[in-house]
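# Fold and geometry: a report
If you want the building blocks of each chain, they are given just below.
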Amino acid sequence: MLFLVAALLLLGVVMGSVAHAPLSFTLVAAAVIGVWLIVFALRERGARRRHPSTN
C-alpha cells in the first residue's frame, strides 16, 4: 500500500513538471519511455518463453 501511495505521489510530481515543460521535450520524453517499455515487454516475453512459469 505504501508503494502505491509513493507511486501516485511521484506521478503527481512528474505530471506537474510536464505541464511546465516545452511540448517538444514532453513528446521526446514520451517517445523514449514508450520505446523503453516496448523493449522491456519484448525481453520479458522472450524470457517467459524460454523459462515457463510453474504457476
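Refer to the structure above for everything that follows.
In this text the structure is predicted, and so the values were computed from the model without any measurement.

Glancing now at the overall build of the protein. Along the protein, the regular secondary structure elements total two helices and zero strands. Rg of the C-alpha trace for the protein: 16 Å, well past the compact-globule value of 10 Å for 55 residues, more than 25% over. The C-alpha extent of the protein, read off along each of the three principal axes, is 45 × 30 × 5 Å. A total of 55 residues make up the protein; the buried ones form 0% of that total.

This brings us to the layout of surface pockets. Its volume calculated, the largest pocket comes out at about 180 Å³. Together, Val14, Met15, Ser17, Val18, Ala21, Phe25, Thr26, Ala29, Ala30 and Ile33 line the largest pocket. Secondary structure elements with two or more residues in the lining of the largest pocket: helix H1 (2–20) and helix H2 (23–50). Of the residues belonging to the lining of the largest pocket, the class tally is eight nonpolar, two polar and no charged.

The end-to-end C-alpha separation of H2 is 41 Å, in line with the 40 Å expected for 28 residues at 1.5 Å each. In terms of burial, H2 is largely open, as just zero of its 28 residues are buried.

Time to look at a nonpolar patch on the surface. On the surface, Met1, Leu2, Leu4, Val5, Leu8, Leu11 and Met15 cluster together into a nonpolar patch covering about 800 Å² of accessible area. Along the polypeptide, Leu2 turns up in helix H1.

This part covers the environment of Val13. Within the element layout of this structure, Val13 appears in helix H1. Accessibility expressed as a relative area gives 53% for Val13, which makes it exposed.

Moving on, we get to the environment of Met1. One can find Met1 in the segment before H1. A relative accessible area of 78% means that Met1 is categorised as exposed. Residues Met1 and Leu27, spaced 26 residues apart in sequence, show a C-alpha to C-alpha distance of 31 Å.

Calculation notes
Residues numbered from 1 in each chain as written. Predicted model: local features only at pLDDT ≥ 70, side-chain atom pairs only at ≥ 80, totals over all residues. Heavy atoms only, no water. Helix = DSSP H or I, 4+ residues; strand = E, 2+ residues; numbered from the N terminus. Rg over C-alpha atoms; globule rule 2.2 N^0.38 Å. Buried < 20%, exposed > 50% of the residue type's maximum accessible area, 1.4 Å probe, protein only. 1 Å grid on protein atoms, 1.4 Å probe; cavity = no way out; pocket = protein on both sides within 12 Å on 5 of 7 lines; lining within 4 Å. Points joined across faces, edges and corners; volume = space filled by probe spheres on them. Nonpolar A, V, L, I, M, F, W, Y, C, P; charged D, E, K, R; others polar. Expected span 1.5 Å × (residues − 1). Patch = residues over 30% accessible without salt bridge, like charges linked within 9 Å, V, L, I, M, F, W, Y side chains within 5 Å. Areas by Shrake-Rupley, 256 points an atom, 1.4 Å probe, with all protein chains shown as cover. Salt bridge = Lys/Arg side-chain N within 4 Å of Asp/Glu carboxyl O.

In short, geometric facts, not functional conclusions.
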